[in-house]
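# Observations on the model geometry
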Amino acid sequence: MLTRFSIAAVVVLSVFLPFVSSGTGSDSTPPTQVRLTQIQAGFSAITDLQHAGDARLFVAQQGGLIHIIKNGSTLGTPFLDISGRLVHGGERGLLGLAFHPQYASNGYFYVNYTYEVTPGGQLRSRVSRFSVSAGNADVADAGSELILLEFNQPFTNHNGGALQFGPDGYLYIASGDGGDSYDPQENSQNTANLLGKVLRIDVNSTAGGSSCNLAANGRYGIPAGNPLADGAGGACDEIWAYGLRNPWRISFDRQTGDLWIADVGQAAREEIDFQAAGSAGGQNYGWDCFEGTVVNNMDRSPLCANNPPVVAPVHEYDHAGGKCSITGGYVYRGPALDGYTGAYFFADYCSDEMWTLRRTGGAPIVTKLTVTLSAGVLNNIRSFGQDATGELYVATGTAVFRVDDPSPAPAGT
Ligand SMILES: [Ca+2]
Ligand SMILES: [Ca+2]
Ligand SMILES: [Ca+2]
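Counting from 1, residues in each chain are numbered in the order their sequence is written. All chains are assigned letters beginning at A, and all ligands numbers beginning at 1, according to the order in which they are written. At least 70 in pLDDT is required for a residue's local features to be given in this predicted model, at least 80 for side-chain atom pairs to be given and counted, and no such filter applies to totals for whole chains, interfaces and linings, which use all residues.

### Looking at the overall build of the chain
A tally of regular secondary structure across the chain gives 1 helix and 28 strands. Taking 2.2 N^0.38 as the reference for a compact globule, 413 residues should give roughly 22 Å; the C-alpha atoms of the chain span a radius of gyration of 20 Å, in line with that estimate. When the backbone C-alpha atoms are referred to their principal axes, the chain occupies close to 60 × 55 × 40 Å. Buried positions account for 47% of the 413 residues belonging to the chain. Contact between two residues is assigned whenever their backbone-derived C-beta positions fall within 7 Å. Considering only contacts in the chain between residues 6 or more positions apart, those separated by 24 or more positions represent 60%. Numbering of helices and strands starts at the N terminus; helices are DSSP runs of H or I of at least 4 residues and strands are runs of E of at least 2. Put simply, the radius of gyration uses C-alpha atoms, and a globule should come to 2.2 Å times the residue count raised to 0.38. Buried means a residue has 20 or more other C-beta atoms within 10 Å of its own C-beta, exposed means 12 or fewer, and partly exposed covers the counts in between; C-beta atoms are placed from the backbone.

### A short note on the sheet that holds strand β20 (residues 315-317)
At least two bridges found by DSSP between two strands is the condition for calling them paired. Reading across the sheet, the 4 strands line up as β15-β16-β17-β20 and stay open at both edges, with antiparallel pairing between neighbours. Strand pairing shows two members of the sheet lacking a second neighbour, β15 (249-252) and β20, which therefore form its edges. Put simply, the sheet's adjacent strands are angled 10 degrees from each other on average, direction ignored. With 4 bridges connecting them, β15 and strand β16 (residues 259-263) associate as antiparallel partners. By the bridge assignment, serine 251 is partnered in β16 with tryptophan 260. Lines fitted to the C-alpha atoms define the axes, with helices restricted to the stretch that makes contact. Angles between their N-to-C directions range from 0 to 180 degrees.

### Some thoughts on the environment of tyrosine 393
Looking at where tyrosine 393 falls in the secondary structure, it is placed in strand β27 (residues 392-395). A residue is classified by how many C-beta atoms lie within 10 Å of it, and tyrosine 393, with 24 of them, is buried. Once the C-alpha coordinates of tyrosine 393 and serine 407 are considered, the two residues, 14 residues apart in sequence, prove to be 17 Å apart. The contact partners of tyrosine 393, leaving out residues within four places of it in the chain, are Leu49, Leu57, Phe384, Gly385, Val400, Phe401, Arg402 and Val403.

### Some details on the sheet that holds strand β25 (residues 370-373)
Strand order in the open sheet formed by 5 strands is β25-β1-β28-β27-β26, with mixed pairing between adjacent strands. The outermost strands of the open sheet, each flanked by one partner alone, are β25 and β26 (383-386). Neighbouring strand axes in the sheet, compared pairwise and without regard to direction, differ in orientation by 35 degrees on average. The pairing of strand β1 (residues 33-40) with strand β28 (residues 400-404) spans 5 bridges and is classified as antiparallel. Paired with arginine 35 across the strands is aspartate 404, a residue of β28.

### A look at the pairing of strand β17 (residues 270-275)
The buried count for β17 comes to 5 of 6 residues, which makes it a mostly enclosed element. Strand direction decides the pairing type here: β16 and β17, joined by 5 bridges, are antiparallel. Residue pairing across strands places isoleucine 261 opposite aspartate 273, the latter belonging to β17. Joining the antiparallel neighbours β16 and β17 is a turn of 6 residues. Where β17 meets β20, 3 bridges bridge the pair, whose relative direction is antiparallel.

### What about unusual backbone geometry?
Of note, the bond from tryptophan 287 into aspartate 288 is cis; its omega dihedral lies within 30 degrees of zero at 0 degrees. With respect to the helices and strands, aspartate 288 occurs in the loop between β17 and β18 (290-291). With a phi close to 45 degrees, aspartate 183 is a non-glycine residue in the positive phi region. Assignment of secondary structure puts aspartate 183 in the loop between β12 (171-175) and β13 (197-201). Of note, asparagine 307 is a non-glycine position whose phi angle comes to about 50 degrees, a positive value. Here asparagine 307 shows up in the loop between β19 (294-295) and β20.

### Quick look at the pairing of β1
Direction of pairing for β1 relative to β25: parallel, over a ladder of 4 bridges. Note on β25: the bridge partner recorded for glutamine 33 is threonine 370.

### Considerations on the environment of tyrosine 332
Residue position: tyrosine 332 is located in the loop between β21 (326-331) and β22 (344-348). Taking the C-alpha atoms as reference, tyrosine 332 lies 7.3 Å from glutamate 391; in sequence the two are 59 residues apart. If we skip the residues at most four places from it in the chain, tyrosine 332 touches Leu337, Tyr340, Thr341, Ala343, Phe345 and Leu392.

### Things to note about the environment of tryptophan 355
Inspection of the secondary structure assignment puts tryptophan 355 in strand β23 (residues 354-358). The spatial distance from the C-alpha of tryptophan 355 to the C-alpha of phenylalanine 345 is 5.8 Å, given a sequence separation of 10 residues. Among residues more than four places away in sequence, those in contact with tryptophan 355 are Phe346, Val366, Thr367, Lys368 and Leu369.

### A look at the confidence of the model for the chain
Residues shown with low pLDDT carry predicted positions that ought not to be read at fine detail. Looking at any residue, its pLDDT shows the predictor's confidence there, from 0 to 100. Across the chain, the average pLDDT comes to 92, with 92% of residues at 70 or higher. Contacts of residues 1-27 to residues separated by more than four positions or lying in other chains number 45 contacts, the stretch itself having pLDDT below 50.

What follows is the structure, encoded as structure tokens:
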């Protein structure tokens, strides 16, 4: 529901799974089991889980509320309520949350949401900064909104949503192709718009101005080295990478700085794109010339006729067995789980299967996980999150689970 256009449009595919393995070919056998411990439930349409560098977990809901899980319970007063400023439902709403790397000292955090310029009118994506309130660390100042960036959404779906700060201190924004199916406006291959991209902006400077922003300018800068920056006109200087369909979740490896992009597919392939730390950006990940590694012949962008060089995914999977939409996670770097260090976790929204992917010198090793639950139901995995220590969490629409070892040590040991 969140991340692809229509389950009904799934077609029966010729099916093969060229990349999925059970870990064969590795000298060491990756672990295959996790236990999901439900830590809180009762939420509504969770879209994101983030931490602010302390022990709290922030739960963003599509309707515009951000709740705090603190000391094992959900605080009664939301951290932020912007429900009156957005339009939500389907793939619209509050879609991403990120805390400034210096949040402890400046209190800044960022949200990505959709709104209508006039009621029922033009839909837009908006990225804004807010501040924590002066007197209460558990409540934001709802009046502190500073709108940074806006761009139009031609259809209601494929709004991307993820916000993540990179190891370079810049804010990365995941943007979908603007929607409907097969990118009818051919946005993803077109570098003169912000749709179907990963964007990179500098929230600490206004140097370099802005290029394709419909909000007031002068509230962010274009980082030196943005790969397509060419000043006024031409390409959108905000672009970091393009050729994406609906990169609902992206994340950085907190140890290496590598960027992982989970791009939701159309009818054939869900894909994971990998970008090593230190990359110069500018990658074309292929949509809608390709869906995964499959040539797309449905309403293909005219720009594909030039055979642009594209970067293939490091992993893709088809829709066999009820799979429909990838939910990207994180590379695990926490202290608690045995054997998962360096593994990228991801899931499928429809089948609720979870996997890890490990990079090797050769083909990545993808391992399907056997999941047991402490309580609750694992239904429609929408997002992953990390806490400040690097422990991993999974969110359905209504519940937050911590990823634990399958057989936790008995209490007191
Ligand atoms: Ca198209
Ligand atoms: Ca430009
Ligand atoms: Ca691609």
